[in-house]
There are 2 protein chains.
Amino acid sequence: MNKIYVVGIGPGKREAMTAEAESALAGSDLIVGYSKYIDLVRPYFPNHPVLDTGMRKETERCRMAFEKANEGMTVSLVCSGDSGIYGMAGLIYELSTEFPETEIVVVPGITAAISGGSVLGAPIGHDFAVISLSDLLTPWELIEKRLKCAAEGDFNIALYNPSSHKRHDYLQKACDILLTVHSADLICGYVKNIGREGEAAVVLTLGELRNTQVDMFTTVFIGSTRTKVINGKMVTPRGYRDV
Amino acid sequence: MNKIYVVGIGPGKREAMTAEAESALAGSDLIVGYSKYIDLVRPYFPNHPVLDTGMRKETERCRMAFEKANEGMTVSLVCSGDSGIYGMAGLIYELSTEFPETEIVVVPGITAAISGGSVLGAPIGHDFAVISLSDLLTPWELIEKRLKCAAEGDFNIALYNPSSHKRHDYLQKACDILLTVHSADLICGYVKNIGREGEAAVVLTLGELRNTQVDMFTTVFIGSTRTKVINGKMVTPRGYRDV
């Protein structure tokens, strides 16, 4: 049967891939993906045929995967982090109605909230929300509403896509919304280049974060009122110690 | 240097562990953990010394890990899913101030929202929240507030610990809160025994979920208003197809 693996490769380093992801890629006739993600896995599978596509060609890329599968190939479609969280799994299912003969296997991966969290300490040790600040596919008003609701629920928050060339002030706008609920000394943090060269973690307050410029390779963590700093690590206790 | 790895082992099957988790366990002198999680990894490392403890002895278990590390051992403390999300990483950092000579390495793992999501389809393909329904360590009022806020923000939601012997009606109570915001035909789903024998996924409406009894080995997924069913899979599109 024609088969597409939608593979979450994690942050990029091979050690953070699951065995399942590794063997899906190894067992595929073709690896398809956005060129930046292809670059991450190519060194591990140097002899594998790959097909890379540009950014923002998601529908095209997924269609290409189905077409190659229809030619009889086993295809892996790579996603950074997890394949389901802001990944291609949803779009593959949407298009699957046009390609009913293709089997779909979603292979999960370590998303940035988890890999970045392990670098910062334990920032999402209790209930948390994940919000993308990209308004390419989501109205900014809905993003604002979600930020407000997450702050009101005192959730830890992981912010994806906190910045881009065109959206250099979005993190500042997001912090201003959070500051309508939280105080400026709320513990926050961010991690750059998770699991890659140049990995760096910073712990700071929400007030400081508001005036910080981060790049698009950064994941930002907002604390809850229970979050604290322990030996330079950002930690949200679950509460075991109080029992 | 004395060293503790806090290892997220994912849902349980070996293929869902990362290479990093695998080598942390393989390279440890001792594997410490709650007996149920020790049972999951013991078959993969049959000759490794292990130390298992009962449930709800989290502080004791972590202290034991530090004490063994202080004796010069490299210790792995295993957590199901991720080590940071409702795991032991936070508690280890809290206790680390008493054991400053021990190095701590947090090894991330695939949490149930991700592994369960890949079984159901792509339920958390857009902004989402993770909430535990256990009120052992969190006041029920805060859980209720977070459910309300997450529903108002139209987040997808993954519910952990939806049930236990003493809390058989908590999922029903949670659904009743969600129903004050969402309609009864909102798409939901749940996965039992993720990555283990007896794995089963069900897609249903919020109204049906309200009247369903799930067990403690189940992770529940609440849709957003954009979630739909495609060929029996629960899918929350990110919106690529509309571009």
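This text follows the structure it describes.
Calculation notes
- Residues numbered from 1 in each chain as written.
- Chains lettered and ligands numbered in written order.
- Predicted model: local features only at pLDDT ≥ 70, side-chain atom pairs only at ≥ 80, totals over all residues.
- Heavy atoms only, no water.
- Helix = DSSP H or I, 4+ residues; strand = E, 2+ residues; numbered from the N terminus.
- Rg over C-alpha atoms; globule rule 2.2 N^0.38 Å.
- Buried < 20%, exposed > 50% of the residue type's maximum accessible area, 1.4 Å probe, protein only.
- Contact = heavy atoms within 4.5 Å.
- Areas by Shrake-Rupley, 256 points an atom, 1.4 Å probe, with all protein chains shown as cover.
- Lys, Arg positive; Asp, Glu negative; His and termini not counted.
- Charge placed at Lys NZ, Arg CZ, Asp CG, Glu CD.
- Core = buried A, V, L, I, M, F, W, Y, C linked by side-chain atoms within 4.5 Å.
- Buried area = accessible area lost by both parts, 1.4 Å probe.
- Salt bridge = Lys/Arg side-chain N within 4 Å of Asp/Glu carboxyl O.
- Polar contact = N/O pair within 3.5 Å; in protein donor to acceptor, adjacent residues only side chain to side chain.
- Nonpolar A, V, L, I, M, F, W, Y, C, P; charged D, E, K, R; others polar.
- Pairing = 2+ DSSP bridges.
- Phe/Tyr/Trp six-rings, centres within 6.5 Å; stacked < 30°, edge-to-face > 60°.
- Lys NZ or Arg CZ within 6 Å of the ring centre and 35° of its normal.
- Least-squares fit on C-alpha atoms with pLDDT ≥ 70 in both.

**Notes on the overall build of chain A**
Here is step 1: A tally of regular secondary structure across chain A gives 8 helices and 13 strands.
Here is step 2: Taken over the C-alpha trace, chain A has a radius of gyration of 19 Å; the compact-globule value for 243 residues is 18 Å, and the two agree within 12%.
Here is step 3: Its C-alpha atoms give chain A principal-axis dimensions of roughly 55 × 35 × 35 Å.
Here is step 4: Within chain A, buried positions represent 60% of all 243 residues.
Here is step 5: Contacts in chain A between residues at least 24 apart in sequence constitute 69% of all its contacts with a sequence separation of at least 6.
Here is step 6: Here chain A has roughly 9,000 Å² of accessible surface; of this, 49% comes from carbon and sulfur atoms.
Here is step 7: For chain A, the distance from the average position of its 24 positive side-chain charges to the average position of its 29 negative side-chain charges is 4 Å.

**Let's talk about the nonpolar core**
Here is step 1: Counting 54 residues, the largest nonpolar core has Leu209 and Ile222 of chain A together with Leu209 and Ile222 of chain B as the members making the most contacts within it.
Here is step 2: Apart from residues lying up to four places away in sequence, Leu209 of chain B is in contact with Leu171, Cys175, Cys188, Tyr190, Leu204, Val220 and Ile222 of chain B.
Here is step 3: In terms of nonpolar packing, the next biggest core, distinct from the first, is built from 36 residues, Ile124 of chain A together with Ile85, Ala112 and Ile194 of chain B among them.

**What about the interface of chain A and chain B?**
Here is step 1: Listed as interface residues are 70 residues of chain A and, on the opposing side, 70 residues of chain B.
Here is step 2: Summing the contributions of chain A and of chain B, the shared interface buries around 6,000 Å²; its carbon and sulfur component is 60%.
Here is step 3: The interface formed by chain A and chain B holds 6 salt bridges in total.
Here is step 4: Its salt-bridge partner being Glu20 of chain B, residue Lys13 of chain A comes within 3.2 Å of it at the nearest N-O pair.
Here is step 5: Where chain A touches chain B, the interface holds 28 residue pairs in polar contact (both at pLDDT 80 or more).
Here is step 6: With 7 residues, helix 4 (residues 89-96) of chain A is the largest single contributor of residues to the side of chain A that touches chain B.
Here is step 7: Per-class residue counts for the side of chain A that touches chain B are 30 nonpolar, 21 polar and 19 charged.
Here is step 8: With 3 bridges connecting them, strand 7 (residues 128-132) of chain A and strand 7 (residues 128-132) of chain B associate as antiparallel partners. Bridged to Val130 of chain A within strand 7 of chain B is Phe128 of chain B.

**What to know about the sheet that holds strand 6 (residues 121-122) of chain B**
Residue and element names in this part refer to chain B.
Here is step 1: Pairing is mixed across the open sheet formed by 3 strands, whose spatial order is 6-13-12. At either margin of the open sheet sits one strand with a lone partner, and together these are strand 6 and strand 12 (228-230).
Here is step 2: Here 2 bridges tie strand 6 to strand 13 (residues 233-235), and the two strands are oriented parallel to one another. Within the sheet, the bridge partner assigned to Gly121 lies in strand 13 and is Met234.

**Digging into the pattern of salt bridges**
All names here are of chain A.
Here is step 1: In the structure shown here, the tally under the stated rule is 22 salt bridges over all chains.
Here is step 2: Across the salt bridge formed by Lys68 and Glu71, the nearest N and O atoms sit 3.9 Å from each other.
Here is step 3: Looking at Lys68, the relative accessible area reads 24%, which means it is partly exposed.
Here is step 4: Among the residues examined, Glu71 registers a relative accessible area of 55% and is labelled exposed.
Here is step 5: One continuous salt-bridge network, built from bridges that share partners, spans Asp39, Arg42 and Asp52.

**Concerning the packing of aromatic side chains**
Here is step 1: Evaluation of the coordinates by the stated rule reveals 9 aromatic pairs over all chains.
Here is step 2: Judged by centre distance (6.5 Å) and plane angle (70 degrees), the rings of Phe128 of chain A and Phe128 of chain B are edge-to-face. With Phe128 of chain A in strand 7 and Phe128 of chain B in strand 7, the pair connects residues from two separate chains. Considered together, Phe128 of chain A and Phe128 of chain B belong to a single accessibility category, that of buried residues.
Here is step 3: Aromatic pair Tyr34 of chain B and Tyr37 of chain B: ring centres 5.1 Å apart, planes at 85 degrees, arrangement edge-to-face.
Here is step 4: Owing to a relative accessible area of 13%, Tyr34 of chain B belongs among the buried residues under this scheme.
Here is step 5: Positioned above the aromatic ring of Phe45 of chain A is the side chain of Arg14 of chain A, whose terminal nitrogen or guanidinium carbon lies 5.6 Å from the ring centre.
Here is step 6: We note Lys173 of chain B situated over the ring of Tyr170 of chain B; from NZ or CZ to the ring centre the distance is 4.6 Å.

**Some remarks on the relation of the copies chain A and chain B**
Here is step 1: Mapping chain A onto chain B calls for a rotation angle of 180 degrees and an axial translation of 0.0 Å; the resulting RMSD is 0.0 Å. What the rotation and shift describe, once combined, is the action of a two-fold rotation axis.
Here is step 2: The fraction of interface residues of chain A whose copies in chain B are also interface residues reaches 100%, indicating that both copies meet through the same surface.

**Description of the side chain of Thr18 of chain B**
Here is step 1: Tracing the chain through its elements places Thr18 of chain B in the loop between strand 1 (2-8) and helix 1 (19-26).
Here is step 2: Of the residues examined, Thr18 of chain B reaches a relative accessible area of 3% and is grouped as buried.
Here is step 3: Of note is the side chain of Thr18 of chain B, whose polar atom sits 3.0 Å from the backbone nitrogen of Ala21 of chain B.
Here is step 4: Not counting the four nearest positions on each side in its chain, Thr18 of chain B is found in contact with Glu15, Ala16, Met17, Thr18 and Ile110 of chain A together with Val107 and Pro108 of chain B.

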